[in-house]
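# A look at the structure
Take a look at the letters that make up each chain.
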Amino acid sequence: MLIVGIDDTDSERGFCTTYLAAVLIERLRASGCQTGAPRLVRLNPCARYKTRGNAAIAIPVEAEDPEEIGKLALDTLLELSDLSGRNTNPGLVIADRVTAEMRRFYRRAVTEILEIEEAKRILSSEGIWHRGFKNQRGLIGALAAVGSEFDDHTYELIAYRRRGLWGTPRALDEDSIWNADRATYPATWDTVDYSNRRIVFSPHSPDPVLFGIRGDDPGAIRRAFSMIRSEAPERCVMYVTNQGTDAHIIDMSDRDILLHDDRSYRLRGSVAGEPRVIEGGHVFFPIDLGERKIECAAFEPTKCFRKIVRSLIPGDLIEVYGSMKSGTLNLEKIDIISLERQRRSRPPLCACGRRMESAGSGKGYRCRRCRTRSMEAEIVEHPRDIEEGLYEVPPSARRHLAKPLVRTRNPRAHPSR
Ligand code: ATP
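Since we're looking at a predicted model, the values are computed, not measured. (Residues numbered from 1 in each chain as written. Predicted model: local features only at pLDDT ≥ 70, side-chain atom pairs only at ≥ 80, totals over all residues. Heavy atoms only, no water.)

### Some points on the nonpolar core
- Of all hydrophobic cores here, the largest spans 44 residues; its most connected members are Val93, Phe105 and Leu143.
- Residues lining this core come from more than one domain, with at least three contributed by each of domain 1 (2-146) and domain 2 (154-241).
- Contact partners of Phe105, with chain neighbours within four places excluded, come to Leu114, Glu118, Ala119, Ile122, Ile140, Leu143 and Ala144.
- One finds Cys16, Ile25, Ile94 and Val237 within the second-largest nonpolar core, a separate group that totals 34 residues. (Core = buried A, V, L, I, M, F, W, Y, C linked by side-chain atoms within 4.5 Å. Buried < 20%, exposed > 50% of the residue type's maximum accessible area, 1.4 Å probe, protein only. Domains from an automatic or database assignment. Contact = heavy atoms within 4.5 Å.)

See the structure below:
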């Protein structure tokens with residue numbers, strides 16, 4: 001058994017590594033090779049040179065000789081890559097075994113930022129067949145894809161467009177998509193975004209993808225597919241994937257805190273200041289992690305999620321999930337573990353029945369009618385306008401790797417659909 005890993009073949013102008021893989025699978029089968037379930041492997045979403053979702057592909061093939069499979073894979077790669085793309089640096093890796101070091105490389109590629117030289121060092125020390133083009137950055141993703149093993153997995157069925165239609169608007173019947181979602185959610189998810197009234201399973205870029213149906217159950221995904229009316233796809237592939245599994249999240253809830261930019265974390269702490277809204281609608285608040293404080297951010301595209309964040313008050317105990325960028329954690333999810341009691345002070349009631357007024361800064365309160373004075377404010381408790389539990393950004397703002405709350409089956413979860 002060989003595993004073929006491919007990455008970094010497309011650009012914003014066109015093509016898609018998953019399409020190349022779909023064509024290669026067909027050609028491998030036509031040449032008499034059996035292929036196993038192809039894997040759509042998402043890597044660190046903070047990687048700088050990604051085109052879109054930092055995807056790489058691994059295809060298991062029943063064959064012995066990497067040279068023979070390599071020739072077919074290379075021809076397909078050269079035919080279906082945008083080698084002229086400024087940031088397109090294809091990598092192709094074919095391994096006949098997966099070693100502990102390769103598995104470790106995958107784990108690091110999904111959580112950290114790696115160097116091309118690290119990939120090359122492993123490829124040469126393990127004697128793995130590979131080809132890299134231009135600056136060869138794609139070898140990072142291709143090697144990580146080959147070494148990938150999923151603790152948790154989901155599925156995505158991707159339908160591809162006929163070549164003559166690439167770059168033209170996609171013909172999709174919207175009602176059929178909403179119906180397919182209604183019939184198969186929660187076994188499928190992130191097809192539509194109810195809160196923003198948007199279809200989110202289809203890109204708007206000139207690439208070959210018509211749409212992708214994600215979910216936990218291949219049967220439900222196929223049922224959704226059969227309900228969707230659209231232009232006729234050229235081909236479809238069902239991938240096993242680490243999407244929707246939080247594979248990128250480093251759990252720091254019980255560990256020492258050393259946080260790096262471009263990594264994603266789960267952190268526990270208490271809200272250390274009132275949330276602030278800045279121009280553009282972005283919301284920020286500080287969290288106290290015990291040894292240090294950091295800022296958390298919910299940016300404008302996270303839409304209704306910002307309302308939850310704005311409702312936090314100092315003292316709330318929370319767990320936050322998100323990526324560190326310039327020392328700020330960009331939120332994907334939040335678990336509100338316990339809510340602080342919200343107390344507000346107001347002028348006290350006077351013995352005469354009238355509410356007192358402020359007598360000026362630091363001077364307490366006085367009654368206008370009977371001139372009585374008091375230094376003591378009245379403390380009233382205000383009910384909170386959120387409940388404890390887990391909240392997440394809506395599907396339109398969701399990262400491929402982020403685990404949708406609907407998958408957690410947690411009674412405390414408030415899934416955004
Ligand atoms: P698409 O989703 O359309 O296939 P993409 O978003 O996957 O595109 P690529 O064109 O594959 O983007 O580019 C990502 C590049 O970043 C690749 O060269 C890949 O090898 C590299 N890369 C992936 N993960 C890491 C990482 N953890 N550290 C450094 N580089 C990485």
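Right, picking up where we left off after that structure.
### Some thoughts on the environment of Asp175
- With respect to the element layout, Asp175 can be found in helix H6 (residues 174-184).
- Judged by relative accessible area, Asp175 falls into the exposed class, the value being 55%.
- For the pair Asp175 and Tyr365, spaced 190 residues apart in sequence, the C-alpha to C-alpha distance is 62 Å. (Helix = DSSP H or I, 4+ residues; strand = E, 2+ residues; numbered from the N terminus.)

### Digging into the sheet that holds strand E23 (residues 373-374)
- Strand order in this open sheet of three strands is E21-E22-E23, and the pairing throughout is antiparallel. In the strand order of this sheet, the two ends are held by strand E21 (357-358) and E23, each with one partner.
- With two bridges connecting them, strand E22 (residues 365-366) and E23 associate as antiparallel partners. Residue pairing across strands places Arg366 opposite Arg373, the latter belonging to E23. (Pairing = 2+ DSSP bridges.)

### Considerations on the packing of helix H4 (residues 116-125) against helix H5 (residues 138-147)
- Relative orientation of the contacting elements H4 and H5 amounts to 50 degrees, with a least axis distance of 8 Å. Taken as axis vectors, H4 and H5 run oblique relative to one another. Handedness of the crossing formed by H4 with H5: left-handed. Contacts between H4 and H5 involve Ile116, Ala119, Lys120, Ile122 and Leu123 from the former and Leu139, Ile140 and Leu143 from the latter.
- Taken together, the residues that form the contact of H4 with H5 break down as seven nonpolar, no polar and one charged. (Axes fitted to C-alpha atoms, helices over the stretch in contact; angles between N-to-C directions. Parallel < 35°, antiparallel > 145°, perpendicular 65-115°, else oblique. Left-handed = near helix turned anticlockwise from the far one by under 90°. Nonpolar A, V, L, I, M, F, W, Y, C, P; charged D, E, K, R; others polar.)

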